[in-house]
There are 2 protein chains.
Amino acid sequence: MPTEAGRTRRPDADCPVEVALSAISGRWTTLVLRELMHGPSSFGDLAARLPEISPKVLTERLHGLRADGLVDRERLTGFPVRTRYALSPAGEALRPLLTELYRTGERLQRRR
Amino acid sequence: MPTEAGRTRRPDADCPVEVALSAISGRWTTLVLRELMHGPSSFGDLAARLPEISPKVLTERLHGLRADGLVDRERLTGFPVRTRYALSPAGEALRPLLTELYRTGERLQRRR
DNA sequence: CCGCATCCGATTGGATACTG
DNA sequence: CAGTATCCAATCGGATGCGG
């Protein structure tokens, strides 16, 4: 981390590192984000692109991301009901982090 | 992330993103890493700098990090026994990721 | 189509006491 | 000092069936 001033002696939800981690934590979360990085998507489209996720978990992830202000939801009129999930500007701010996760993972794999 | 070729349809332990995430996942893990980024440390020193971590969890974290090749352990001769934990080169490779986590967390906090 | 409600097994982390 | 051994509570994720 940048400086060691204000050292944390335990996990603190207000620490930026914890904030970022909690935003992307949980199984499937990064994959949901990746799909949304390709563009807005409906609930069903997300489920189709992630065939092994259960509706419960997909719902949980989308709720969490919405609660964190990373994803916006829009209900489309008509029948049957359609929904549109899209990354918010805050959600877009995660892109460099996901890229760095990928880079770091590659580096770690290469070392084996 | 970079490309969408070879899209993952479920969490795959071989995906670089998952590799990086699993390396830093778990409560206390990033704090243990941060302490080691300041330099090598003994078990007791780590416990003293993280007063609220239990010995069990500290042991678990250090074992995990060692299993991933991110941390090296050295036993120092003498009595009482002393140990020296230090970041390996692979562990050093995590530094940019932790920095990016911090930056991203700050950006997210600013948006509230 | 878009979820929510329920149940349940597995994993996780904390507290505590004890050993080489 | 540097861990290990237990036990336990809480969280998490998967499966499934129903409702708006």
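Now for a description of the structure that goes with this document. Being a predicted model, the structure only gives us computed values, none of them experimental. (Residues numbered from 1 in each chain as written. Chains lettered and ligands numbered in written order. Predicted model: local features only at pLDDT ≥ 70, side-chain atom pairs only at ≥ 80, totals over all residues. Heavy atoms only, no water.)

## Some words on the overall build of chain A
Rule in force here: The way it works is that DSSP assigns letters per residue, a run of H or I at least four long becomes a helix, a run of E at least two long becomes a strand, and they are numbered from the N terminus. Think of it in three bands: with a 1.4 Å probe and only protein chains considered, a residue is buried below 20% of the maximum accessible area for its type, exposed above 50%, and partly exposed in between.
Helix and strand counts for chain A stand at six helices and two strands. When the helices and strands of chain A are placed in sequence order, the string is α-α-α-α-β-β-α-α. Considering only C-alpha atoms, chain A reaches an extent of 55 × 35 × 25 Å along its principal axes. Here chain A holds 112 residues, and the buried ones make up 45% of them.

## Examining the interface of chain A and chain B
What counts is decided by this rule: Note on contacts: a residue pair qualifies if any of its non-hydrogen atoms lie within 4.5 Å across the two residues. Note on definitions: buried area is the accessible-area loss of two parts on being combined, 1.4 Å probe, summed for both. A pair is scored as a salt bridge if a Lys or Arg side-chain nitrogen falls within 4 Å of a carboxyl oxygen belonging to Asp or Glu. A 3.5 Å cut-off defines polar contacts: any pair of N or O atoms within that distance qualifies, except that in protein one atom must be a possible hydrogen donor and the other a possible acceptor, and neighbouring residues in sequence count only when both atoms are side-chain atoms.
Every contact between the two is made by 47 residues of chain A and, on the other side, 49 residues of chain B. In total, about 4600 Å² of surface goes out of reach between chain A and chain B, with carbon and sulfur atoms giving 68% of it. At the boundary of chain A with chain B, the tally comes to four salt bridges. The partner of Arg10 of chain B in a salt bridge is Glu52 of chain A, with the nearest N and O atoms 3.5 Å apart. At the junction of chain A and chain B, the tally comes to nine residue pairs in polar contact (both at pLDDT 80 or more).

## Considering the protein's contact with DNA strand D
Applied cut-off: Throughout, near means a residue has at least one heavy atom within 4 Å of the molecule or strand.
The local shell around DNA strand D holds 20 residues, among which Arg27, Lys56 and Arg61 of chain A together with Thr59 and Arg73 of chain B are the closest. In DNA strand D, atoms within 4 Å of the protein come from the sugar-phosphate backbone in 67% of cases. One nitrogen or oxygen atom from the side chain of Lys56 of chain A is found 2.4 Å from a base oxygen belonging to DNA strand D.

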